[in-house]
Amino acid sequence: NVAPVIYGGIQVGIHNGTRWVTERVPCPAGLQLVMFIPDFMGKTSDARDVLEPTISRADAAFNIGRSSFLVLALCMGNLDNLKWGVQDRMHQPQRAGKIYKYLYPMVEAAQGAGASCAYLSGAGPTVMAITGGASGDIFAQRTKERSDLVVAKAMMQTAAEYGIKGRLVVTSVSNEGARVVKVDPPFSSNDITYRDNI
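An account of the accompanying structure is given in this report. (Residues numbered from 1 in each chain as written. Predicted model: local features only at pLDDT ≥ 70, side-chain atom pairs only at ≥ 80, totals over all residues. Heavy atoms only, no water.)

Focus on the pairing of strand 1 (residues 10-15)
Stage number 1. Examined bridge by bridge, strand 1 and strand 2 (residues 20-25) share 6 bridges and lie antiparallel to one another. Across the sheet, residue glutamine 11 finds its bridge partner in strand 2, namely arginine 24.
Stage number 2. Connecting strand 1 to the antiparallel partner strand 2 that follows it, the hairpin turn spans 4 residues, and glycine 17 within it adopts a positive phi of roughly 100 degrees. (Pairing = 2+ DSSP bridges. Helix = DSSP H or I, 4+ residues; strand = E, 2+ residues; numbered from the N terminus.)

Next up, the structure:
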């Protein structure tokens, strides 16, 4: 979880036995993130407690295939295939059944409204939908080039039907990770100025 914060973008990482190794996955142009963030906090410990202690070989194979397909869809810029890549058997069904009853109805509503995919963000309670559009700033696009507003409204409607209060945030992937804003002593001098005069 920390790699995108540090390096920006969409990151895939592994631990190679000695250290973490991460690589950035290409982000398709025009990709938008529509997040429904409930007003309540989800405790990671509660979300872990509903998971089974073991995973079947079939479920492991299912998830490995889906995660590979997700990365391929992002690399190829094929937003239509994202819906297959975010399918899951290892945590979403258990959490939807016991904690987040609104999850699958919200996923269906978002995809029915035009989202490429929707899924539980991390351990929840946030639900993330991915939409596409023309590249560039969404506010410079014509309404018919975007689906984020329709998807957001569908997600809010589902939340209301389940009595869940929250807010919607529409954003995009940030390719810039952590940014140093001040150092002491400064790097910049009278002769050399670094970004933001750090």
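From this point, things continue past the structure.
Quick word on the layout of surface pockets
Stage number 1. Estimated volume of the largest pocket: approximately 1600 Å³.
Stage number 2. Lining the largest pocket are 42 residues, with Asn1, Gln11, Leu70, Tyr119 and Gly122 positioned closest to its centre.
Stage number 3. Broken down by element, the residue count for the lining of the largest pocket peaks at 6 residues, all from helix 3 (residues 57-76).
Stage number 4. Split by residue class, the lining of the largest pocket holds 23 nonpolar, 14 polar and 5 charged. (1 Å grid on protein atoms, 1.4 Å probe; cavity = no way out; pocket = protein on both sides within 12 Å on 5 of 7 lines; lining within 4 Å. Points joined across faces, edges and corners; volume = space filled by probe spheres on them. Nonpolar A, V, L, I, M, F, W, Y, C, P; charged D, E, K, R; others polar.)

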